[in-house]
Amino acid sequence: MPARGTRQAGTAPGGWESAWPYLCLMGAPLFWSGNMIFGRVLAGAVPPFTLSLIRWIVATLVLFLAVRLAEGRTTWPARAAWGPIAVMAATSVATFTPLVYISLHFVGSVEASLIQSSTPVFALFIARLTAGERLTWGKGLGSLLTILGVAVIVSHGEPARLLALHWDLGDLIMLLAALLWAVSTVAARHVAGRATPLSATFHSAWLGLPMLLPAAAWELARGASIHPTPVALVGVAYVSIFPSALAFLAWNYGVARIGAGRAAVFNNLLPLFTAVWAVLLLGEPLSWAQALGGALILGGVSLGGTVRTEAGATLAPARRPGPGAFLWLPVVKANQPVQNGRETD
């Protein structure tokens, strides 16, 4: 009989371990909502590809330090993980990020948030095609409720305002970004058990840098300029740390624990948190439409994001946390043994 207070391998985790995927998937869109606001502010200060390159250079350095502190050394993922990690780099780092900043030249942050709410629809079907995840009524209804909540917030409770939205170039660019983010969400699911969320996020970050460099160089060669105002410096610092290193780490961990289809629903918390940013930073009152929309979003997340522990997987540390234990996250340990940071063949 196991000692009191211990858990046998293969049993469902409880307490904070069960809640941690939820908290991570809620924290990521909270940080991304600030990225939407600063992205709009920085639209005239830093060109989009250059901003993305600066953002991910800083984020890569932060992630490198986090890996060293939390895991004690830089480990290399298993061979099978490099394909999904490369997809994550190409979609979330090299294309999704600059496309969001390009779209914010043409549309407001709230409208961009609404368009990004199409991500769960893309991710559910991509996960079905590539990973065999079931499209249950809970996932579908949860997605519909969260999208409805987004619509209420953006329209201010007036349906006619939704019909007045113009699907111009900025809207189409944001829709493409949402599709790419859905692909990255599904790719992150395939890394589970082959690399820790921290390691996968770090490797996808540095791998995306050479993909961004040519576009940023082309941008500056064509005469684009950088205006380093105090607000711009604060904005660059924020987008480099919070929506990059911290948010992507939390998001990838949540995806690894509950699956891409369920995790994508949490992406719709973005407009809700954007409204919170507006209240706290801009002093705007919280309207009834924002309150109702927020309730619908949270209800949809609760319905579509119920945790189901993967068969044969347990929550366990890869090794005892080092001096950077405050950065440590539990990792999914698959049935396949791991040696020296790599899966054995």
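Okay, so let's go over this structure. Counting from 1, residues in each chain are numbered in the order their sequence is written. With pLDDT at 70 or above as the cut-off, local features in this predicted model cover only qualifying residues; side-chain atom pairs require 80 or more to be listed or tallied, and sums for whole chains, interfaces and linings still use all residues. To obtain the side-chain values, all non-hydrogen atoms of the structure were included, while hydrogens and water were left out.

Think of each axis as a best-fit line through the C-alpha atoms, taken over the contacting stretch in the case of a helix, with angles from 0 to 180 degrees between the N-to-C directions. Numbering of helices and strands runs from the N terminus; a helix is a DSSP stretch of H or I covering at least four residues, while a strand is a stretch of E covering at least two. Look at helix H2 (residues 48-71) against helix H9 (residues 197-221): their axes get within 8 Å of each other, and the N-to-C directions meet at 160°. The angle between H2 and H9 places the two elements in the roughly antiparallel class. In the packing of H2 onto H9, the handedness of the crossing is left-handed. Oblique is the label for any angle not under 35 degrees, not over 145, and not in the 65 to 115 range, which are roughly parallel, roughly antiparallel and roughly perpendicular in turn. Left-handed describes a crossing in which the near helix is turned anticlockwise from the far one by less than a right angle; the clockwise case is right-handed.

Only Phe, Tyr and Trp rings are paired, with Trp represented by its six-membered ring, and only when their centres lie within 6.5 Å; those with planes under 30 degrees apart are stacked, over 60 edge-to-face, the remainder tilted. Under the definition given, this model contains 13 aromatic pairs. Ring centres of phenylalanine 31 and phenylalanine 242 lie 5.4 Å apart, and the angle between their planes is 55°; on these two criteria the pair is classed as tilted. Taken together, the positions of phenylalanine 31 in helix H1 (residues 16-41) and phenylalanine 242 in helix H10 (residues 230-258) put the pair 211 residues apart, joining distant regions of the chain. We classify phenylalanine 31 as partly exposed; its relative accessible area is 23%. A connected cluster of aromatic rings, assembled from ring pairs, spans Phe31, Phe38, Tyr238, Phe242 and Trp277. The rule is simple: take the accessible area with a 1.4 Å probe, protein chains only, and divide by the maximum for that residue type; under 20% is buried, over 50% is exposed, in between is partly exposed.

Let's shift gears to H10. Here the expected length of a helix is defined as 1.5 Å per residue gap, with one fewer gap than residues. The first and last C-alpha atoms of H10 sit 40 Å apart over 29 residues, in line with the 42 Å expected at 1.5 Å per residue. At every residue, the bend is computed as the angle between two fitted axes, covering the seven residues ending there and the seven beginning there respectively. Remark: the principal bend of H10, roughly 35°, maps to alanine 247. Positive phi appears at glycine 259, one or two residues downstream of H10, with a value of about 95°.

Position of glutamate 219 among the secondary structure elements: in helix H9. In this charge count, Lys and Arg are treated as positive and Asp and Glu as negative; neither His nor the chain ends contribute. The salt bridge criterion pairs a side-chain nitrogen of Lys or Arg with a carboxyl oxygen of Asp or Glu, the two atoms within 4 Å. For the buried residue glutamate 219, which engages in no salt bridge, the nearest side chain bearing the opposite charge is arginine 222, 7.7 Å off. Polar contacts here mean pairs of N or O atoms no more than 3.5 Å apart (in protein, one a potential hydrogen donor and the other a potential acceptor; neighbouring residues in sequence count only if both atoms are side-chain atoms). At a separation of 3.1 Å, a polar atom in the side chain of glutamate 219 contacts the main-chain amide nitrogen of phenylalanine 49. Residues contacting glutamate 219, with those up to four places away along its chain left out, are Pro47, Pro48, Phe49, Thr50 and Ala224. In what follows, a contact means two residues having at least one pair of non-hydrogen atoms within 4.5 Å.

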